[in-house]
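# Commentary on secondary and tertiary structure
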Amino acid sequence: TMIKDWFSKPFPYIESLRNQLLISLGAGVVVITFLLLFQPFGIDKLLVDIFWHIAAHGLIAMVAISMNLILLPIVIPRYVNTETWTIGKNLLFIFWVLLMISFCNFGYGQYLAGSVYLELLEENNRKGVISWIFMTFSVGIFPVFLIVYLAERQFLHRNQRFAQEISEGMSHEEAPEKGVRITLATGKVN
């Protein structure tokens, strides 16, 4: 099927430490910006240190993403193999990272931020880790799929341009002159 083929397409794994850190930082900034602009899940009712609570969630996202990008290839190199990395594996990786972020958000919201979040969550009938998973995935999943799709399109176009340049370069190679005889030795004795 078309969807299965798309999930099986090769996808580059981000190997550069610089790019891993930039993506992590960018994700943290996106989380902070999104939460500040839209203030979903009753965040707008936080009266105390709203920016710092939101910044904590951005920091959690940044640390979780960078740690997974850097450590997973070391911990499970058989799965996180840059030669066999696909869109499907990348999406599973993102799902894993969002789950990790959810658990960290839960720990922060339940234990570090104390009563600030407990009252807010009870008011909205949201309790426990499942609520944090729902909230984290709600904020993260759609931008992630969009970014993966756009990145895949960009890599496809880049590779097509590269292949076209190689093809054009090969077609301009000088052809052997007419009348030149080429003899190949076969190694057989007659």
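Calculation rules
Residues numbered from 1 in each chain as written. Predicted model: local features only at pLDDT ≥ 70, side-chain atom pairs only at ≥ 80, totals over all residues. Heavy atoms only, no water. Core = buried A, V, L, I, M, F, W, Y, C linked by side-chain atoms within 4.5 Å. Buried < 20%, exposed > 50% of the residue type's maximum accessible area, 1.4 Å probe, protein only. Helix = DSSP H or I, 4+ residues; strand = E, 2+ residues; numbered from the N terminus. Contact = heavy atoms within 4.5 Å. Patch = residues over 30% accessible without salt bridge, like charges linked within 9 Å, V, L, I, M, F, W, Y side chains within 5 Å. Areas by Shrake-Rupley, 256 points an atom, 1.4 Å probe, with all protein chains shown as cover. Salt bridge = Lys/Arg side-chain N within 4 Å of Asp/Glu carboxyl O. Axes fitted to C-alpha atoms, helices over the stretch in contact; angles between N-to-C directions. Parallel < 35°, antiparallel > 145°, perpendicular 65-115°, else oblique. Left-handed = near helix turned anticlockwise from the far one by under 90°. Nonpolar A, V, L, I, M, F, W, Y, C, P; charged D, E, K, R; others polar. 1 Å grid on protein atoms, 1.4 Å probe; cavity = no way out; pocket = protein on both sides within 12 Å on 5 of 7 lines; lining within 4 Å. Points joined across faces, edges and corners; volume = space filled by probe spheres on them.

Here the focus is the nonpolar core. Within the largest apolar cluster, 37 residues are counted, with the highest numbers of intra-cluster contacts made by Phe93, Ile94, Ile101 and Val148. Within the residue set of this core, elements represented by two or more residues are helix H2 (17-38), helix H3 (50-75), helix H4 (87-112) and helix H6 (128-171). Sequence-distant contacts of Val148, that is, excluding residues within four places in its chain, are made with Trp6, Phe11, Ile87, Asn90, Leu91 and Ile94.

This brings us to a nonpolar patch on the surface. On the surface, Leu59, Val63, Met67, Leu71, Ile74, Val75, Ile76, Tyr79 and Leu92 cluster together into a nonpolar patch covering about 810 Å² of accessible area. Here the nonpolar patch takes six residues from H3, the largest share from any one element. Along the chain, Leu92 falls in helix H4.

Bringing the packing of H3 against H4 into the picture now. Contact geometry for H3 and H4: axes closest at 9 Å, N-to-C directions at 140°. The angle between the axes of H3 and H4 places the two elements in the oblique class. In this structure, H3 meets H4 at a crossing whose hand is right-handed. Residue-level contacts link Trp52, His53, Ala56, His57, Ile60, Ala61, Ala64, Ile65, Asn68, Leu69 and Leu72 of H3 to Phe93, Trp96, Val97, Met100, Ile101, Cys104, Asn105 and Tyr108 of H4. Across the contact of H3 with H4, the residue classes break down as 15 nonpolar, four polar and no charged.

What the largest pocket holds in volume is close to 1,000 Å³. Lining the largest pocket are 39 residues, with Ala27, Ile65, Leu98, Gly140 and Val144 positioned closest to its centre. For the lining of the largest pocket, the class distribution of residues is 33 nonpolar, six polar and no charged.

Within the fold, Ala151 resides in helix H6. Once the C-alpha coordinates of Ala151 and Phe11 are considered, the two residues, 140 residues apart in sequence, prove to be 8.9 Å apart.

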